[in-house]
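Observations on the model geometry
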Amino acid sequence: MSERDGVADLGAEATAPVPGWGWTETSLALMVLVWGVNFAVVKDALRVFDPLGFNALRFAIASVLVFAVLASRGEIALPARADVPRVLALGLLGNVFYQMCFILGLDRSAAGHTSLILALTPVMTAFLSLATGHEQPGPRTWGGAALSISGIALVSGASLRVEGRDALVGDAILVVAAFAWAAYTVGSRPLVARYGSTRTTAWTLWVGALGLVPAGVPALARQEWGAVTPKAWGGLAFSALFAISLAYLIWYRGVERIGNTRTAIFSNLTPIVALAAGAVLLRERPSALALAGAALTLAGVMIVRSVTGSRPRPTG
C-alpha cells in the first residue's frame, strides 16, 4: 500500500519494461479473487447483520490490523497540520460516506450488479480529472465512458424488471458511491504525492473508522446476536481481514512495484469474479439483459483503464 516518492514515480514505473510474472503479480491475482468474492460474502452476511453495524465492526477490525502492520514497518506518522483538514475531509468522503453507500446499496442490489456499478468509478474519475485540470481525457476515454454508462443502464433495467424498485434504489445508491470514491481518488492526489499511498490510505481509513463505528453503535445495540451464524461471522472476518486490510496492502504494493496502470489491469477481472461468486454462493442468475449490460460495462471500463493517466479503484 505504498508508492516510493509520489506521482512522478508512478509514471516511471508504469512505462518501464514489463517485468516477468512474479510474487507481485501472484498477489494481485489473489487480490482480484478476494475482492470479487467479497461482494457475495458481504451480501450473504447482511442477511443477519444490520448493514451499519456490519460496517462498524469490519472497519474497527481493519483499522487495528492496518495500524499493526504499519507499526511493524515503522511507518506510523502524522500529516502536517496544514494537511489535517484535507485528511479529515477525504476520510469522511472516501470511507464514511462511500462505505455507507456501498453497504446500503449492496443490501438492496445483487452482488454482481454492485461490482459492475462500482466499476464505473474510473469513468467518473476521468470526468473529475478533466474538471479539476489533472488530466485531459481523449476520445477513447469518452467512448469507454459511453459504453460503461450504457451497460449500467441495461443492468439497472434488468434489476427493475426482476427485483423491483428496491433494487433500482440500491443501484442508484451505488452510483453515488462510485462518484464518492472517484472524488476521493482525485482529492487525495496531492496527499499521495507528498506522503505516499500507505500513509494517506491509513489516515483516511482511521478517520473512516472514527465515523463508521459511532454510526454503527445503535445498530449493534439492536443486533440479534443469537441470529448471527458462524458463516456470517466468517463473512465479517473475511471482509475485514482480507477484502479491506490485506487486499489494500497488496494493491499498493503492486502500485509500488509495477505501476499504477498495470496494477489496475488486474482489477478489470473483479466484476467477472463477483458475477461468478454471486451465482455460486448466492444463486444469483443474471438475465440475458444483465449479461449484455455487463459486457458493455466491462468493455468500457477496460478502454478507460487502458488510457494513460486513468486512475485505479479500490473496492469495498
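It should be noted that the structure appears before, not after, this text.
First, a word on scope: everything that follows refers to the structure included in this document. Note that the coordinates shown come from a computational prediction; the quantities given were computed from them, not determined experimentally.

1. Some remarks on the overall build of the protein chain
From N to C terminus, the protein chain includes 14 helices and zero strands. Tracing the protein chain from N to C terminus, the helices and strands come up as α-α-α-α-α-α-α-α-α-α-α-α-α-α. Sequence-distant contacts in the protein chain: of pairs separated by 6 or more residues, those separated by 24 or more amount to 89%. Here the protein chain has roughly 13100 Å² of accessible surface; of this, 69% comes from carbon and sulfur atoms.

2. Concerning the side chain of T200
Within the secondary structure, T200 is located in helix α10 (residues 197-222). At a separation of 3.4 Å, a polar atom in the side chain of T200 contacts the main-chain carbonyl oxygen of L191. When neighbours within four sequence positions are excluded, T200 is seen to be in contact with Y184, S188, L191, V192 and Y195.

3. Points about the pattern of salt bridges
Pairing is possible between side chains of opposite charge, provided their charged atoms come close. Inspection of every chain in the model, using the stated rule, returns four salt bridges. The residue R47 makes a salt bridge to D44 at a minimum N-O spacing of 2.9 Å. D44 gets classed as buried once you look at its relative accessible area, which sits at 13%. Linking D50 and R222 is a salt bridge whose minimum nitrogen-to-oxygen distance equals 3.8 Å. Taken together, the residues span a long stretch of sequence, with D50 in the loop between α2 (23-45) and α3 (51-72) and R222 in helix α10 at a distance of 172 residues.

4. Describing the nonpolar core
Formed by 58 residues in total, the largest nonpolar core has its most connected members in M31, W35, F49, F54, Y98, F102 and L118. When residues of this core are assigned to their parent elements, the largest contribution, 11 residues, is made by α2.

5. Topic: the packing of aromatic side chains
For any pair of aromatic rings, the description rests on two quantities: the centre-to-centre distance and the angle between the ring planes. Applying the stated rule across the entire model yields 11 aromatic pairs. Seen in terms of ring centroids, F49 and W225 are 6.5 Å apart; in terms of plane orientation they differ by 80 degrees. Their pairing is edge-to-face. Placement of the pair is F49 in the loop between α2 and α3 and W225 in the loop between α10 and α11 (230-258), with a sequence separation of 176 residues. A relative accessible area of 3% means that F49 is categorised as buried. Residues F67 and W206 carry aromatic rings whose centres are separated by 5.7 Å and whose planes lie at 55 degrees to one another, so their mutual orientation is tilted.

6. Examining a nonpolar patch on the surface
Taken together, the side chains of L30, L33, I61, L65, L241, F242 and L246 define a hydrophobic patch exposed on the protein surface, amounting to about 520 Å² of accessible area. Where the nonpolar patch is concerned, the elements lending two or more residues are α2, α3 and α11. Take the nonpolar patch: its biggest share by element is three residues, from α11. Along the chain, the position of L33 falls in helix α2.

7. Thoughts on the environment of L93
Mapped onto the elements, L93 comes out in helix α4 (residues 84-108). Looking at L93, the relative accessible area reads 26%, which means it is partly exposed. Measuring from C-alpha to C-alpha, the distance between L93 and A177 comes to 9.6 Å, with 84 residues separating the pair along the chain. Look past the residues within four positions of L93 in its chain and what remains in contact with it is Y98, A180, A183 and Y184.

Here is what the cut-offs are and how they apply
Residues numbered from 1 in each chain as written. Predicted model: local features only at pLDDT ≥ 70, side-chain atom pairs only at ≥ 80, totals over all residues. Heavy atoms only, no water. Helix = DSSP H or I, 4+ residues; strand = E, 2+ residues; numbered from the N terminus. Contact = heavy atoms within 4.5 Å. Areas by Shrake-Rupley, 256 points an atom, 1.4 Å probe, with all protein chains shown as cover. Polar contact = N/O pair within 3.5 Å; in protein donor to acceptor, adjacent residues only side chain to side chain. Salt bridge = Lys/Arg side-chain N within 4 Å of Asp/Glu carboxyl O. Buried < 20%, exposed > 50% of the residue type's maximum accessible area, 1.4 Å probe, protein only. Core = buried A, V, L, I, M, F, W, Y, C linked by side-chain atoms within 4.5 Å. Phe/Tyr/Trp six-rings, centres within 6.5 Å; stacked < 30°, edge-to-face > 60°. Patch = residues over 30% accessible without salt bridge, like charges linked within 9 Å, V, L, I, M, F, W, Y side chains within 5 Å.

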